[in-house]
Amino acid sequence: MKRIHLLLTLAFVFFFFMAGISVAQDDIRNFPSCKYCGMDRQQYAHSRVFIEYDDGTSIGLCCVHCAGVELALQIDRTPKTIMVGDYGSKTLIDAEKAFWVVGGNKMGVMTHRAKWAFEKKEDAEKFIQDNGGVIAGLDQAMKASYEDMYADTKMIRERRLARRMKMKEEKK
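Residues numbered from 1 in each chain as written. Predicted model: local features only at pLDDT ≥ 70, side-chain atom pairs only at ≥ 80, totals over all residues. Heavy atoms only, no water.

Student: Please provide a residue-by-residue account of the pattern of salt bridges, values included.
Tutor: Per the counting criterion, the structure on display carries ten salt bridges. A salt bridge links aspartate 27 to arginine 48; its shortest N-O distance comes to 2.8 Å. Within this pair, whereas aspartate 27 is found in helix α2 (residues 27-30), its partner arginine 48 is found in the loop between α2 and β1 (49-53), the two being separated by 21 residues in sequence. Of the two residues, aspartate 27 and arginine 48, both sit in the buried class. With a shortest N-O distance of 2.9 Å, lysine 126 and aspartate 130 are connected by a salt bridge. Linking lysine 126 with aspartate 130, this pair stays in helix α4 (residues 121-131), spanning four residues, or about one helical turn. Each of Arg113, Lys115, Lys143, Glu147 and Asp148 takes part in a single network of salt bridges with overlapping partners. (Salt bridge = Lys/Arg side-chain N within 4 Å of Asp/Glu carboxyl O. Helix = DSSP H or I, 4+ residues; strand = E, 2+ residues; numbered from the N terminus. Buried < 20%, exposed > 50% of the residue type's maximum accessible area, 1.4 Å probe, protein only.)

Student: Lay out the confidence of the model for the chain in plain terms, naming residues and giving numbers.
Tutor: On average, the chain scores 89 in pLDDT, and the residues at 70 or more come to 85%. Note on residues 10-23: pLDDT is under 50 here. Beyond four places in sequence and across chains, it has three contacts. (pLDDT = per-residue confidence, 0-100. Contact = heavy atoms within 4.5 Å.)

Student: Hey, could you go over α4 for me, with residue numbers and the actual values?
Tutor: Ala124, Phe127 and Asn131 are the residues of α4 that are buried. Buried residues of α4, seen end-on, are gathered within an arc of 60° and therefore sit on one face of the element. Exposed positions of α4 whose direction lies more than 90 degrees from the buried face are Glu122 and Gln129. Buried positions along α4 lie against β5 (99-102), β6 (115-118) and β7 (134-136). Glycine 132, located one to two residues past α4, shows a positive phi value of around 80°. (Arc of directions from axis to C-beta.)

Student: Go over the environment of alanine 72 with me, naming the residues and quoting the values.
Tutor: If you trace the backbone, alanine 72 turns up in helix α3 (residues 64-73). Residues alanine 72 and tyrosine 146, spaced 74 residues apart in sequence, show a C-alpha to C-alpha distance of 9.3 Å.

Student: So, a positive patch on the surface: which residues are in play, and what are the values?
Tutor: Taken together, the side chains of Arg159, Arg160, Arg163 and Arg164 make up a positively charged region of the molecular surface. Note that arginine 160 resides in helix α5 (residues 138-171). (Patch = residues over 30% accessible without salt bridge, like charges linked within 9 Å, V, L, I, M, F, W, Y side chains within 5 Å. Areas by Shrake-Rupley, 256 points an atom, 1.4 Å probe, with all protein chains shown as cover. Lys, Arg positive; Asp, Glu negative; His and termini not counted. Charge placed at Lys NZ, Arg CZ, Asp CG, Glu CD.)

Student: A description of the pairing of β6 should follow, citing residues and the corresponding values.
Tutor: Side-chain alternation along β6 places Lys115 and Ala117 on one buried face and Trp116 and Phe118 on a second face that is also buried. Pairing between β5 and β6: four bridges, direction antiparallel. Its bridge partner lying in β6, phenylalanine 99 is registered against phenylalanine 118. (Pairing = 2+ DSSP bridges.)

Student: I'd love a proper account of the packing of aromatic side chains, names of residues and values included.
Tutor: Geometry of an aromatic ring pair is reported as the spacing of the ring centres plus the angle between the planes. Inspection of every chain in the model, using the stated rule, returns five aromatic pairs. Ring geometry for tyrosine 87 and phenylalanine 118: centres 5.5 Å apart, planes at 45°, overall tilted. A residue pair is termed long-range when its members are at least 10 positions apart, and tyrosine 87 in the loop between β3 (79-85) and β4 (92-94) and phenylalanine 118 in strand β6 qualify at 31 residues. There is no split in this pair, since tyrosine 87 and phenylalanine 118 are both buried. (Phe/Tyr/Trp six-rings, centres within 6.5 Å; stacked < 30°, edge-to-face > 60°.)

This is the structure we're talking about:
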């Protein structure tokens, strides 16, 4: 009887583990564009973020900037899992285990100060050699995102206004 109970428990855990992996792997199909900025998450697979909350809901975003917006707005919900696109392979990796590079001379997604995630420390170090930046963890990357939020939002707003003005001018 104990053996059957153990097998059923293991099967149950395996099923939910695989279901979570499946949802994360299908994140672009389930969330093709970012809720906050509308950017194509396939195009930004190298910076995308997938958040699963403890209530079973999830959301896909284009980058750490928009993830910062989401987490601030959902203050009463607890993230169960945060995954991020590996800069090189574009596959989702655990954001808490990732080696983050903050800063450098490569422009970020929706931010002036880039925040890139790498599965392997060697890849992060190679990126730093080529582009600058510093190694960080998820907490430091999110803190940098919040520190940059005002300036980045202002930059985005100005770019969108300029784009609208150009489109308006082209219609004349």
